[in-house]
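As a plain string of letters, each chain reads:
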Amino acid sequence: MPERKQRGAFIVIEGLDRSGKSTQVSLLEKRCKDAGLPVRLVKFPDRTTPIGKLIDSYLRSDSEMDDHAIHLLFSANRWELAPSIIESLNAGTTVICDRYAFSGIAFSAAKNKPTMSYEWCRAPDIYLPAPDITLFLDVSPEKARERGGYGAERYENAEMQERVEHVFERIGVEIGDGSRWFAVDADREKEAVAEELWERVQPYVKGTEKPLQRLWE
Ligand code: T5A
Ligand code: NA
């Protein structure tokens, strides 16, 4: 019988701005390492690549760009990292990802442009590696404000965040709310949120036999 091979799981943390994604991704990485599990962190946008630098400049409002063009750059930024994500997963490493295609859809569709429908926004990310599980950090506007408020970057205002949240809800339902997508109450203390995330990822952190799927397949 051929040896059974386990690949690493692809875990995505999504959420509204200031929901604590980066905090939780680091805590999750530490827990994996402490448990002796191979793990790699990925963050989108990855502002270090040439495409990422264009995105960074746009987010800081140092440059202007057509809404369609920036949407496609966010997606291209994921595609340029996709081969290395697949490589890590196949090597048995758990990949924990801070934002992914769902942010791409949510923030662009929330612009409410007639030429940027939900379907249009989703299209460039079709066939990217699909997460095994997505944990959506849900923060209330009140708590976000307590955490230093939305920052100075583009999109960081209450009206935009509310529209973004509605798109995320739709995505959650499509991806599989309660099976492959879980909303987590991110208003709580960091430790409480971390505990719930750690429980949620238990079926995945030691690897999975399931073939890697592609998004929206
Ligand atoms: N975007 C992104 C698109 O438009 N399209 C795309 O395709 C993608 C991928 C930048 C923007 O790009 C948009 C979405 C964004 O608007 P980013 O670089 O991920 O995306 O944004 P950041 O500014 O890095 O991240 P956020 O502002 O969303 O913050 P986080 O990571 O959610 O929160 P974190 O962990 O940095 O925490 C924020 C503060 O709160 C405290 C932390 O210590 C920190 O000070 N905190 C807590 N305080 C109390 N209780 C808790 N439970 C706390 N957790 C964290
Ligand atoms: Na962050």
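Residues numbered from 1 in each chain as written. Chains lettered and ligands numbered in written order. Predicted model: local features only at pLDDT ≥ 70, side-chain atom pairs only at ≥ 80, totals over all residues. Heavy atoms only, no water.

1. Comments concerning the environment of Thr49
Take Thr49: it is sitting in the loop between β2 (39-43) and α2 (50-59). Considered as a pair, Thr49 and Asn77 are 28 residues apart in the sequence and their alpha carbons are 8.0 Å apart. Engagement of the side chain of Thr49 in a polar contact is seen with the side chain of Asn77, the distance being 3.4 Å. (Helix = DSSP H or I, 4+ residues; strand = E, 2+ residues; numbered from the N terminus. Polar contact = N/O pair within 3.5 Å; in protein donor to acceptor, adjacent residues only side chain to side chain.)

2. Structural notes on the nonpolar core
Core analysis: the biggest nonpolar cluster contains 64 residues, and Tyr100, Phe168 and Ile171 have the highest contact counts within it. Ranked by residues supplied to this core, first place goes to helix α3 (residues 67-90) with seven residues. Filtering out sequence-adjacent residues up to four positions away, Phe168 remains in contact with Glu14, Gly15, Leu16, Phe102, Ser103, Ala106, Phe107, Phe136 and Trp181. (Core = buried A, V, L, I, M, F, W, Y, C linked by side-chain atoms within 4.5 Å. Buried < 20%, exposed > 50% of the residue type's maximum accessible area, 1.4 Å probe, protein only. Contact = heavy atoms within 4.5 Å.)

3. Remarks on helix α4 (residues 101-109)
Burial analysis of α4 places nine of its nine residues in the buried class, which makes it a mostly covered element. For α4, the full list of buried residues reads Ala101, Phe102, Ser103, Gly104, Ile105, Ala106, Phe107, Ser108 and Ala109. Against the buried residues of α4 lie β1 (10-15), α3, α5 (118-122), β4 (133-138), α7 (158-175) and β5 (181-185).

4. Things to note about α3
Between its first and last C-alpha atoms α3 spans 35 Å; for 24 residues at 1.5 Å apiece the expected length is 34 Å, and the two agree. At Ala82, α3 shows its largest kink, close to 40°, and the proline Pro83 lies no more than four residues downstream. Measuring from the backbone nitrogen of His68 back to the side-chain oxygen at the start of α3 gives 2.9 Å, which picks out Asp66 as the cap. In the segment just after α3, Gly92 is the residue with positive phi, at about 95°. (Expected span 1.5 Å × (residues − 1). Bend = angle between axes of the 7 residues up to and from the residue.)

5. Description of unusual backbone geometry
The residue after Phe44, namely Pro45, is reached through a cis peptide bond having omega 0°. For Pro45, the position within the fold is in the loop between β2 and α2. Located in the positive-phi region is Tyr127, a residue other than glycine, with phi close to 80°. A relative accessible area of 49% means that Tyr127 is categorised as partly exposed. A positive phi angle, close to 80°, is found at Tyr155, a residue other than glycine.

6. As for the confidence of the model for the protein
In the predicted model, the protein carries a mean pLDDT of 95, and the fraction of residues at 70 or more is 97%. The ipTM value of the predicted complex is 0.97, and its pTM value is 0.97. (pLDDT = per-residue confidence, 0-100.)

7. Some points on the site of ligand 1
Near ligand 1 you find 25 residues, and of these Arg18, Lys21, Thr23, Arg78 and Arg99 are the closest. For ligand 1, an oxygen atom lies 2.8 Å from a polar atom in the side chain of Arg78. Within the backbone of Arg188, a nitrogen or oxygen atom sits 2.8 Å from a nitrogen atom of ligand 1. Notes on ligand 1: free accessible area 1100 Å², of which the protein chains cover 82%. When residues of the shell around ligand 1 are traced back to their parent elements, those giving at least two are α1 (21-34), α3 and α4. Partitioned by chemical class, the residues of the shell around ligand 1 number seven nonpolar, six polar and twelve charged. (Near = heavy atom within 4 Å. Areas by Shrake-Rupley, 256 points an atom, 1.4 Å probe, with all protein chains shown as cover. Nonpolar A, V, L, I, M, F, W, Y, C, P; charged D, E, K, R; others polar.)

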